[in-house]
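Observations on the three-dimensional arrangement
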Amino acid sequence: MAMASKTRNMLEGLVREGSFKWLLGSRSSFQDEIEEMGKSPSAQKNWIQELSPVANIVVRRCSKILGISTNELRESFDAEASESIKHPSCFARNFLEYCCFRALALSTQVTGHLADKKFRRLTFDMMLAWEAPSTTSESLLSVGEEATVGIEAFSRIAPAVPTIANVIISDNIFEVLTASTDGRLQFSIYDKYLTGLERAIKKVKSQSESSLLSTVRSSKGEKILEVDGTVTTQPVLEHVGISTWPGRLILTDHALYFEALRVVSYDKPKIYDLSNDLKQVVKPELTGPWGTRIFDKAVLYKSISLAEPVAIEFPELKGHTRRDYWLAIIREILYVHRFIKTFQICGVERDEALSKAVLGILRVQALQEISSAVPLRSEALLMFNLCDQLPGGDLILEALANLLTSRELDRSDNSVGEGGMYSISALAMVSNLGFVFGTNPDVTSEVGLAVGEIAVGKMTTLEKVVKECRSNYKKVVLAQETVDGVKVDGIDTNLAVMKELLFPLMELGKLLLSLAYWDDSTKSLAFCVIFTYIIWRGWLGYALSFILIFTAVFMALTRCCGQGRPIEEVRVVVPPTMNTMEQLLAVQNAISKAEVFVQDMNIVLLKIRALLLAIFPQASLKFAIALLLIAAVLAFVPIKFLAILTFLETFTRYSPPRRSNTERWMRRLKEWWFSIPAAPVLLEREKEEKKRR
C-alpha cells in the first residue's frame, strides 16, 4: 500500500507541477494518459518502477490490447524469459520488447490494422520507448508530433511487423525514410509510409481477386504483384529479334506475363517462368528500332525454354527508373524461387519465403510514393536482391533457411498470439492480410509453427550474420571508392600506369634474360650452380617458402614502419595528349596487331592439326618419334633429374660453349616448322533464312 500511495503521489505531483513538459513538449495522448494514471486509484498496477514514463505508457497500452494487467504481463515475462534476459541491467528494454511483440502479434490480426491511426501511432511510440526504456535512460526526446526515432529503435521494432520491415533491409528502409531529416525518423513520414503500404496491399488484393489471367493463375494460386502498360503515356514494348509489340506486362509470385495489344483487346499471354529452373538470365538491356542498341531502358529475359532472348522495354523521357524498378522486382521473384530450390524448402517454409519476397515488393511500392522526387534503388530494398549483392549474402540466405526450417525453438509448440519471446512471422502477417499462397486454403492453420526474425533481449543468428555482412559491405564500398578514384581515361595513359606498376616484374624478367643469355658469365655460372644444387637436394619447396616468408615479413615491416605516414602514390609520367586523328590511328594500329596475332595463332593451330592428321608425312613421323622419346623420358627418368635437365637446358643454352650449337639447332627447328603445311580451311557464310530467324 505504501508503494502504491508513493506511486500515485509521484504521478499526481508530476502532472500538477508540469514536470512532463520536457518530455511532452505540446499536449499529446501521452499527457492525457499520464493524467489518467495520476487520477486512477489503481495507479500502482499500471506503473513499473524500473520503466521510464514513456515505456510505462506503452506497456499500459500493450496490456489493454492483450486484455491483461501489467502485473500479469510481468509474471508471464518472468516465466518465459531466461535469467540473462531478466537481469536488472537490461530488464527494462527486454520487458518492453516482450510486451511490444505480444501486443503487435495480436494487433496485426485485425483486418485493416495499417489503416488504423492508433496502430500506426502505437508502433512509432514503441520505438520512442525503446530508445528510453528505463528510469535511468538519458533521454532528450519529446513525445509529441515532432518526436523522432533513430535507426536502432526502428531496426528493432519495425521488423516485429514484417509488413513494415525485416531484419535484412530495415537499415536501408530507414535511410530512405530519413533522407530529408538528417537520420531521424519523423512520425509524419512514417505515417505516410504505412498509409502507402495499406494502399499497396489493397491494390495487390484487388488485382489478385480480379479476373485478370484467372484461368492461367488458378493452377498455382498465383498472386498478381504488379501490372504495367495499361496507360498510353507509359507503354511497355516487347522486342523479339527485330520485331516489337506493345502490350500489358503482369508480374505474379511465380511468373512474368506479357499480353500483346491488339485493336480492341489483348492477345493470349506469353509466360516467362520464374519459378522453375530454366537457367534464366534477367539483366538490363539496350534496345532500339529494328534491332539497334540505343536506349538503356529494357530488361532482357533469357532461358533454355526460349529460342531467342526477349527484351521488354519501358520507354520514358528521362532516365530508366521504370526499368530499374521492374528489373528489381522480377529478380526478387526469380531469386526467391532459386533460394527455395537451393535449400529444398517446401510446405509452410516455402510459403514463408514467398511471403517475404511479396512483402518486399509491397514496401518498395509504398516507398515510391514518399521518395518520388529521388529515384529509389529498389534492389537495395528487396532482401533477395540485396543478398545477391552483399558480400556474404549466401551466408544470410543460409541463416534464413535455417531459421525457416528450425523447429527446436522454445515457442515452436505455441501459436503466434500466445508467446512473446519472438516476433510474428511474415507468413502469419500475410495470412492476417488475407493472402493465401498456393492452392491449399488450410495452410493458415500451420502458420503458428513459423517464427519471426526478432527475439527478445538477444540477436538471432540471422541478425548476427546480417550485421557482419553489412560491416564487410562498408569495407567493400570504401575499397571501391579508392578503385573509382584511380581509374584514368585513355589507352595510352592506362598503358603508362600498367608499365609503371609492372616495372619490378619487368626488371626481374630482364635480369633472368641476362642470366639466360650469359651477358655476365660469372653471375650466370653462379646462378646455375646454386639452383642446380637446390633442385638436386630437393630444396625447391623450401626456396619457394623462403620467398613467401620474405614477402610476408616485408609486408609486416612496412605496415609497422609506415603507420601514420601518408600512402606513397605511384608516380606515372603521362604520355603526350593525342588528338582525335592520332587516337584513331592508334586504335587502328592496335587492331591490326591484334589481327596479326590471331592469324599467327590460327596458323599454329592449323599446323598442329596438319601434324596430327599426317598431312605432311615426313614431318609427322619426326614429330611422332619426338613424342615417343619425350614419353620414354617422362616414364623412366626421375622427376628430380628431369627438373635439373630442364633447368640446365634453359639456362646454359646460350653459354659460350653451347651458343653456336644452339643457334644452329634453332635455325633447323624454324626451317622444319616453316616446312609444315597448314590444314585446309573452308569458310561458309550464314544462310539468309537462318539469319532472319
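Residues numbered from 1 in each chain as written. Predicted model: local features only at pLDDT ≥ 70, side-chain atom pairs only at ≥ 80, totals over all residues. Heavy atoms only, no water.

A count of helical and extended segments in the protein gives 26 helices and 10 strands. Within the span of the protein, comprising 693 residues, buried residues form 41% of the whole. Taking the contacts inside the protein whose residues are at least 6 apart along the sequence as the reference set, 65% of them involve residues at least 24 apart. Roughly 39500 Å² of accessible area belongs to the protein as shown, and the carbon and sulfur atoms make up 60% of that amount. (Helix = DSSP H or I, 4+ residues; strand = E, 2+ residues; numbered from the N terminus. Buried < 20%, exposed > 50% of the residue type's maximum accessible area, 1.4 Å probe, protein only. Contact = heavy atoms within 4.5 Å. Areas by Shrake-Rupley, 256 points an atom, 1.4 Å probe, with all protein chains shown as cover.)

Attention now moves to the layout of surface pockets. Any empty space left between atoms is shown by rolling a water-sized probe over those atoms. Of the volumes computed, that of the largest pocket is approximately 1200 Å³. Those elements that provide at least two residues to the lining of the largest pocket are α8 (151-157), α9 (170-177), α14 (383-389) and α17 (461-486). Of the residues forming the lining of the largest pocket, the biggest block, seven residues, is contributed by α17. For the lining of the largest pocket, a count of residues per class yields 19 nonpolar, eight polar and 10 charged. What the second largest pocket holds in volume is close to 510 Å³. Together, 14 residues line the second largest pocket, and Ala626, Ile630, Trp665, Leu669 and Trp672 are the ones closest to its centre. Of all the secondary structure elements, the ones that give two or more residues to the lining of the second largest pocket are α23 (617-636) and α25 (659-674). Looking at the lining of the second largest pocket, its residues break down into nine nonpolar, one polar and four charged. (1 Å grid on protein atoms, 1.4 Å probe; cavity = no way out; pocket = protein on both sides within 12 Å on 5 of 7 lines; lining within 4 Å. Points joined across faces, edges and corners; volume = space filled by probe spheres on them. Nonpolar A, V, L, I, M, F, W, Y, C, P; charged D, E, K, R; others polar.)

Taking burial as the measure, the five residues of strand β4 (residues 236-240) include five buried ones, the bulk of the element. In β4, alternate side chains face the same way, and those of Val236, Glu238 and Val240 on one face and Leu237 and His239 on the other are all buried. In terms of strand pairing, β4 meets strand β5 (residues 243-252) through five bridges, oriented antiparallel. Note on β5: the bridge partner recorded for Leu237 is Pro246. Count of turn residues in the β4/β5 antiparallel hairpin: two residues, of which Gly241 carries a positive phi of about 65 degrees. (Pairing = 2+ DSSP bridges.)

Before going further, it helps to spend a moment on the nonpolar core. Judged by nonpolar contacts, the single largest core of 128 residues is most densely connected at Phe154 and Phe339. Setting aside its immediate chain neighbours within four residues, Phe154 contacts Met127, Pro159, Ala165, Ser170, Ile173, Phe174, Leu177, Leu185 and Tyr190. In terms of nonpolar packing, the next biggest core, distinct from the first, is built from nine residues, Leu515, Ala516, Phe527 and Phe647 among them. (Core = buried A, V, L, I, M, F, W, Y, C linked by side-chain atoms within 4.5 Å.)

Here we take up the packing of helix α4 (residues 53-66) against helix α7 (residues 117-131). When two helices pack together, their arrangement is given by the angle between their axes and by how far apart the axes lie. Closest axis-to-axis distance for the α4/α7 pair is 9 Å, and the angle between their directions is 140 degrees. With respect to each other, α4 and α7 are oriented oblique. Helix-helix and strand crossings are classified by hand; for α4 and α7 the assignment is left-handed. Between α4 and α7, the contacting residues are Val54, Ala55, Val58, Arg61, Cys62 and Ile65 on the first element and Arg121, Leu122, Asp125, Met126, Leu128 and Ala129 on the second. (Axes fitted to C-alpha atoms, helices over the stretch in contact; angles between N-to-C directions. Parallel < 35°, antiparallel > 145°, perpendicular 65-115°, else oblique. Left-handed = near helix turned anticlockwise from the far one by under 90°.)

Applying the stated criterion across every chain, the model contains 28 salt bridges. Arg323 is the salt-bridge partner of Asp324, the closest N and O atoms lying 2.9 Å from each other. Taking the relative accessible area as the measure of exposure, Arg323 reaches 3% and is therefore buried. Taken together, the salt bridges that share partners define one network made up of Arg61, Arg121 and Asp125. (Salt bridge = Lys/Arg side-chain N within 4 Å of Asp/Glu carboxyl O.)

Bridge count between strand β8 (residues 281-287) and strand β9 (residues 295-302): six bridges; the pairing is antiparallel. What sits directly across from Pro284, in β9, is Val299. Direction of pairing for β9 relative to strand β10 (residues 310-313): antiparallel, over a ladder of four bridges. Directly across from Leu300, in β10, lies its bridge partner Ala311.

Turning our eyes to something else, we now look at empty space enclosed by the protein. If you walk through the whole model with that rule in mind, you get two cavities of 30 Å³ or more. Of the pockets and cavities examined, the second largest cavity occupies roughly 40 Å³. Surrounding the second largest cavity, Pro159, Pro162, Ala165, Asn166, Lys356, Ile424, Ser425, Ala426 and Glu453 form its lining. Split by residue class, the lining of the second largest cavity holds five nonpolar, two polar and two charged.

Scanning all chains against the criterion turns up 20 aromatic pairs. Consider the rings of Phe77 and Phe91, whose centres lie 5.8 Å apart with planes at 70 degrees: the pair is edge-to-face. Of the two residues, Phe77 is situated in helix α5 (residues 70-80) and Phe91 in helix α6 (residues 91-107); the sequence distance between them amounts to 14 residues. Taken individually, Phe77 and Phe91 each receive the classification buried, so the pair is uniform in this respect. By way of ring pairs, the aromatic residues Phe77, Phe91, Phe95 and Tyr98 are connected into one cluster. (Phe/Tyr/Trp six-rings, centres within 6.5 Å; stacked < 30°, edge-to-face > 60°.)

With that settled, the discussion passes to the confidence of the model for the protein. This prediction gives the protein a mean pLDDT of 83; 86% of its residues lie at or above 70. Mean pLDDT across the elements of the protein bottoms out in helix α2 (residues 21-24) (43) and peaks in helix α12 (residues 321-342) (95). Taken together, the stretch residues 407-418 has pLDDT below 50 and engages in 25 contacts with residues farther than four places along the chain or on a different chain. Here residues 443-450 scores under 50 on pLDDT; set against residues more than four positions off or in separate chains, the count is 19 contacts. (pLDDT = per-residue confidence, 0-100.)

Phi is positive for Trp518, which is not a glycine, with a value near 55 degrees. Looking at where Trp518 falls in the secondary structure, it is placed in the loop between α19 (503-516) and α20 (521-536). Classification of Trp518 as buried rests on a relative accessible area of 12%. At Ala614, a residue that is not glycine, the phi angle is positive and equals roughly 55 degrees. Structurally, the position occupied by Ala614 is in the loop between α22 (580-612) and α23.

Our focus in this paragraph is the side chain of Asp253. Here Asp253 is to be found in the loop between β5 and β6 (255-260). One buried charged side chain, Asp253, makes no salt bridge at all; its nearest oppositely charged neighbour is Lys223, positioned 5.5 Å away. Engagement of the side chain of Asp253 in a polar contact is seen with the side chain of His254, the distance being 3.0 Å. (Lys, Arg positive; Asp, Glu negative; His and termini not counted. Polar contact = N/O pair within 3.5 Å; in protein donor to acceptor, adjacent residues only side chain to side chain.)

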